[in-house]
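Given next are the chains, with one letter for each unit.
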Amino acid sequence: MSKWQIKVPGSTANLGPGFDSIGLGLSLYLTLDVTLQNEWEFVHIGEHVPTDTTVETHLIYTIAQQVAAQYNTNLKPCKVEMTSELPLARGLGSSAAAIVAGIELANLLGGLNLSIQDKLNISSQIEGHPDNATASVLGGLTISSMDEQGIVDTLHIPEVDAAFVVFIPNFELKTADSRGVLPQDFNRGYAVRASANANMLAASLIAKDYVRTGHYMEQDLFHEPFRAQLIPNYSEIRSAAKQAGAYGTALSGAGPTLISIIPTAIQEQFLTAMNAQFPEHRIVLTQADAIGSCVVAYEQKH
Ligand code: HSE
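In the nomenclature of an unreviewed UniProt entry, the protein chain corresponds to Homoserine kinase from the organism Solibacillus palustris. Under the UniProt heading Subcellular location (unreviewed entry), the note attached to the protein chain is "Cytoplasm". Among the UniProt annotations of the protein chain, the heading Catalytic activity (unreviewed entry) holds the following wording: "L-homoserine + ATP = O-phospho-L-homoserine + ADP + H(+)".

> Can you help me understand the domain arrangement of the protein chain in this one?
Interface extent is often summarised as the accessible area lost during association of the parts. Splitting the protein chain by domain gives domain 1 (3–158 + 289–298) and domain 2 (163–286). Domain 1 and domain 2 are separated by 24 Å when their C-alpha centres are compared. Counting residues at the interface gives 26 residues for domain 1, matched by 38 residues for domain 2. Together, the buried faces of domain 1 and domain 2 total about 2300 Å²; carbon and sulfur atoms form 65% of this surface. Looking at the side of domain 1 facing domain 2, the largest losses of area belong to Leu 15, Pro 17 and Arg 90, adding up to 30% of the total buried there. Where domain 1 meets domain 2, there are 1 salt bridge. Two residues, Arg 179 and Asp 20, come together in a salt bridge whose shortest N-O distance is 2.7 Å. Put simply, domain 1 and domain 2 have 13 residue pairs in polar contact (both at pLDDT 80 or more) between them. Within the residue set of the side of domain 1 that touches domain 2, elements represented by two or more residues are β1 (3–13), β2 (22–36), β5 (141–146) and β6 (152–157).

> How should I be thinking about the packing of aromatic side chains in this particular structure?
Two measures describe an aromatic ring pair: the distance that separates the ring centres and the angle between the ring planes. Across all of its chains, the model carries 7 aromatic pairs by this definition. Considering the side-chain rings of Phe 186 and Tyr 190, the 5.1 Å spacing of their centres and the 20° angle between planes classify their relative orientation as stacked. Judged by its relative accessible area of 32%, Phe 186 is partly exposed. Taking relative accessible area as the criterion, Tyr 190 reaches 18% and is therefore assigned buried. The ring of Tyr 29 has Lys 7 lying over it, and the distance from NZ or CZ to the ring centre is 4.4 Å.

> Any chance you could explain the site of the ligand here in plain terms?
All residues in the neighbourhood of the ligand are listed as Ala 13, Asn 14, Phe 19, Asp 20, His 129, Asp 131, Asn 132, Thr 175, Arg 179, Arg 227, Gly 253 and Ala 254. Within the side chain of Asp 131, an N or O atom sits 2.6 Å from a nitrogen atom of the ligand. A distance of 2.6 Å separates an oxygen atom of the ligand from a polar atom in the side chain of Arg 179. Taken by itself the ligand offers 260 Å² of open surface, and the protein chains cover 96% of this. Elements with a contribution of two residues or more to the shell around the ligand: α4 (131–138) and α5 (175–180). Residue classes in the shell around the ligand are distributed as 3 nonpolar, 5 polar and 4 charged. Looking at the shell around the ligand, you find at least three residues from each of domain 1 (3–158 + 289–298) and domain 2 (163–286).

What counts as what
Residues numbered from 1 in each chain as written. Predicted model: local features only at pLDDT ≥ 70, side-chain atom pairs only at ≥ 80, totals over all residues. Heavy atoms only, no water. UniProt positions renumbered as here; feature names shortened; annotations may be inferred. Domains from an automatic or database assignment. Contact = heavy atoms within 4.5 Å. Buried area = accessible area lost by both parts, 1.4 Å probe. Salt bridge = Lys/Arg side-chain N within 4 Å of Asp/Glu carboxyl O. Polar contact = N/O pair within 3.5 Å; in protein donor to acceptor, adjacent residues only side chain to side chain. Helix = DSSP H or I, 4+ residues; strand = E, 2+ residues; numbered from the N terminus. Phe/Tyr/Trp six-rings, centres within 6.5 Å; stacked < 30°, edge-to-face > 60°. Buried < 20%, exposed > 50% of the residue type's maximum accessible area, 1.4 Å probe, protein only. Lys NZ or Arg CZ within 6 Å of the ring centre and 35° of its normal. Near = heavy atom within 4 Å. Areas by Shrake-Rupley, 256 points an atom, 1.4 Å probe, with all protein chains shown as cover. Nonpolar A, V, L, I, M, F, W, Y, C, P; charged D, E, K, R; others polar.

Here is the structure:
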């Protein structure tokens, strides 16, 4: 076999108060078509891909080589043709998807036989927190904790019976800048309230009570009160979405995208209403990805 496709879902992180812990794989994908050849080469196709294709500094290449070095393996060179439905630096997990793609590439070319647990640990360690990374590995809903040794424990719920709508503004917001506005510390009373809201969000998701899920998505105290100033139309979108029938709306990861969870029955009318009110945003209907990252081998056709 000398040709494969690696497909990795993007993701939304936090869902409000599930800060750095809760993730959801989305049906928007990063796709790599990989063909063995004598030298490394990256080819970027379509939008949402960086202009620079230099091999040595390519994120996916550096991750793949880092993982190979960790396992004392050399990787066979290949051509990687990359397409993406994940706009960069918008809060839709493009960097976590690239990290997971790099791990899958190393696994494939180096014959590493990585387990799902290995992939969860390595991707979350590189990303620094497990929310987006676990969702890209597993798809569906992931609730995770990473200990000080970098071992990840994830509760995985593959199916989510709701639809999601993302409001993508026309500017980038780097995660580091969006984390830079967060306080270093919270006092105990504040932390207890923030944690109670996160507990209720997780419980509502596990109970598949999406009315309550939507309510608690809008009760975050860990990050959204501090990030809201960076996000144009933050309050307007939340209240318009609620009026149009959304269960609730939160920042997608570090922003600047917002994400609403809505009943599947209202998706068309919801999209129409939101497109009319927020023409500056790209508004995309999506759903939970149920599979996570996957690798498919192709017969080479000549
Ligand atoms: N949980 C992260 C954050 C997601 O909100 O900063 C982005 O990496």
